[in-house]
Amino acid sequence: MRPNRHDQILRLLAETGVLHVEDAVAQFGSSPATIRRDFNHLAESGLVERVRGGIRMANEGGMLPFTAREVQHADEKREIARRASRLLNDGDVIFVDGGTTTLQLAQCLPPLKLRIITNSLTLAAAIESRTSGRGRWEIFLTGGFLFPGSGLLVGPSAQAGIVQYHANWALLSAGGITEAGIFNDNEHVVESERLMIKHADRVAVLADDSKFGHHAMRHIADLDELDVLVTNRQTDTSQKLENQTGLGLRLLYTK
């Protein structure tokens, strides 16, 4: 696998919309067979779709744009982020993904020394705007391809960036939560979220009550891989999860 070339392919594809094998061969000086393997790998990762003779950017699968999702349940998301921030201790290293609920952490991080590793340029910029150069919070970006219109760094280089670190906490968003686990609508960040879970001591999922009882397109993790669920109020689904003996999952409510 060649993450750097894969990211270069994605950048070129973002400019052109469609990229054919012969054009990529001319651009990168690789053989047609190598380029086809690259295209197949990116398609299997869900980042692109195969078309006759080449690839195009993958459809977002009906997911609303980030700016539209950000205003949905905004007050609840802010309270959830505020409650989740109380889990943190001075000196913690934390993974934070690029969801709309985790974005609210930027406004309510506690006055502690924290190292924050994220795949979200939006979150990084929001935190940086609060620091005023004081350097209380250190921000590490995963690297990778900036997926158009999302503020998210994705692709093989983003995943390679995550595995360089180990964190005390992974604070993640979710598109759906059921007894089968947590799910996400965004195809492009699922692998990054799985790696954050794998490389963290503890995992907290931040999700408003609208996410409970609903599946989303891709399964991220089983419930026994999580430590805490932070939400705004109890639902039938969250109550069932609380009643599961031996699960070891703690639910925290804002009200």
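Residues numbered from 1 in each chain as written. Predicted model: local features only at pLDDT ≥ 70, side-chain atom pairs only at ≥ 80, totals over all residues. Heavy atoms only, no water.

1. Some words on the packing of aromatic side chains
Here's step 1: Going through the model one piece at a time under the given rule, you end up with two aromatic pairs.
Here's step 2: An angle of 90° between the planes, with centres 6.5 Å apart, marks the rings of Phe145 and Phe147 as edge-to-face. Per residue, the accessibility class of Phe145 equals that of Phe147, and both read buried.
Here's step 3: Positioned over the ring face of Trp137 is Arg136, at 6.0 Å from the centre of the ring. (Phe/Tyr/Trp six-rings, centres within 6.5 Å; stacked < 30°, edge-to-face > 60°. Buried < 20%, exposed > 50% of the residue type's maximum accessible area, 1.4 Å probe, protein only. Lys NZ or Arg CZ within 6 Å of the ring centre and 35° of its normal.)

2. A closer look at empty space enclosed by the protein
Here's step 1: Applying the stated rule across the entire model yields one cavity of 30 Å³ or more.
Here's step 2: By volume, the largest cavity amounts to about 50 Å³. (1 Å grid on protein atoms, 1.4 Å probe; cavity = no way out; pocket = protein on both sides within 12 Å on 5 of 7 lines; lining within 4 Å. Points joined across faces, edges and corners; volume = space filled by probe spheres on them.)

3. Observations concerning the pattern of salt bridges
Here's step 1: Inspection of every chain in the model, using the stated rule, returns nine salt bridges.
Here's step 2: Residues Arg194 and Glu191 are paired through a salt bridge, measuring 2.7 Å at the closest nitrogen-oxygen approach. Placement of both Arg194 and Glu191 in helix H9 (residues 190-198) is noted, with a separation of three residues, approximately one turn of the helix.
Here's step 3: Glu191 gets classed as partly exposed once you look at its relative accessible area, which sits at 33%. (Salt bridge = Lys/Arg side-chain N within 4 Å of Asp/Glu carboxyl O. Helix = DSSP H or I, 4+ residues; strand = E, 2+ residues; numbered from the N terminus.)

4. A closer look at the sheet that holds strand E15 (residues 250-253)
Here's step 1: The seven strands lie next to each other as E6-E5-E4-E9-E12-E14-E15, forming an open sheet whose pairing is parallel. Each edge of the open sheet carries a strand with a single partner, namely strand E6 (137-141) and E15. Neighbour-to-neighbour, the strand axes of the sheet open up by a mean angle of 20°, direction not taken into account.
Here's step 2: The sheet contact formed by strand E4 (residues 93-96) and strand E9 (residues 167-172) spans three bridges and is parallel. Paired with Ile94 across the strands is Trp169, a residue of E9.
Here's step 3: The sheet contacts of helix H5 (residues 74-85) involve strand E12 (200-206), strand E14 (228-231) and E15, and relative to E14 the element is tilted by about 145°. (Pairing = 2+ DSSP bridges. Axes fitted to C-alpha atoms, helices over the stretch in contact; angles between N-to-C directions. Contact = heavy atoms within 4.5 Å.)

5. Things to note about the domain arrangement of the protein
Note: interface size is frequently given as the accessible area lost on complex formation between the parts.
Here's step 1: Here the domain parsing of the protein yields domain 1 (5-68) and domain 2 (74-253).
Here's step 2: Taking only C-alpha atoms into account, the centre of domain 1 sits 28 Å from that of domain 2.
Here's step 3: At the junction of the two partners, domain 1 supplies 14 residues and domain 2 supplies 19 residues.
Here's step 4: On the surface where domain 1 and domain 2 come into contact, there are zero salt bridges.
Here's step 5: Here domain 1 and domain 2 share zero residue pairs in polar contact (both at pLDDT 80 or more) between them. (Domains from an automatic or database assignment. Polar contact = N/O pair within 3.5 Å; in protein donor to acceptor, adjacent residues only side chain to side chain.)

6. Some remarks on the confidence of the model for the protein
Here's step 1: Model confidence for the protein is summarised by a mean pLDDT of 87, while 90% of its residues fall at 70 or above.
Here's step 2: Predicted confidence is poor over residues 61-72, with pLDDT under 50, and the contacts of this stretch with residues over four places away or in other chains come to 18 contacts. (pLDDT = per-residue confidence, 0-100.)

7. Some details on H5
Here's step 1: For H5, built from twelve residues, the straight-helix expectation of 16 Å at 1.5 Å per residue is met to within 8% by its first-to-last C-alpha distance of 17 Å.
Here's step 2: Three or more residues of H5 are buried, namely Lys77, Ile80, Ala81, Arg83, Ala84 and Ser85. (Expected span 1.5 Å × (residues − 1).)

8. Considering the environment of Ser192
Here's step 1: Within the secondary structure, Ser192 is located in helix H9.
Here's step 2: As a C-alpha pair, Ser192 and Gly246 span 54 residues in sequence and 28 Å in three-dimensional space.
Here's step 3: Setting aside chain neighbours within four positions, we find Ser192 in contact with Asn119, Gln159 and Ile162.

9. What about the sheet that holds strand E10 (residues 176-178)?
Here's step 1: With antiparallel pairing, the three strands of this open sheet are ordered in space as E10-E11-E13. Each edge of the sheet is formed by a strand with only one pairing partner; in this case those strands are E10 and strand E13 (218-221). On average, each strand axis in the sheet is tilted by 35° relative to the strand beside it, whichever way the strands run.
Here's step 2: Of the pairings in the sheet, the one linking E10 to strand E11 (residues 181-184) comprises three bridges and is antiparallel in character. Its bridge partner lying in E11, Ile177 is registered against Ile182.

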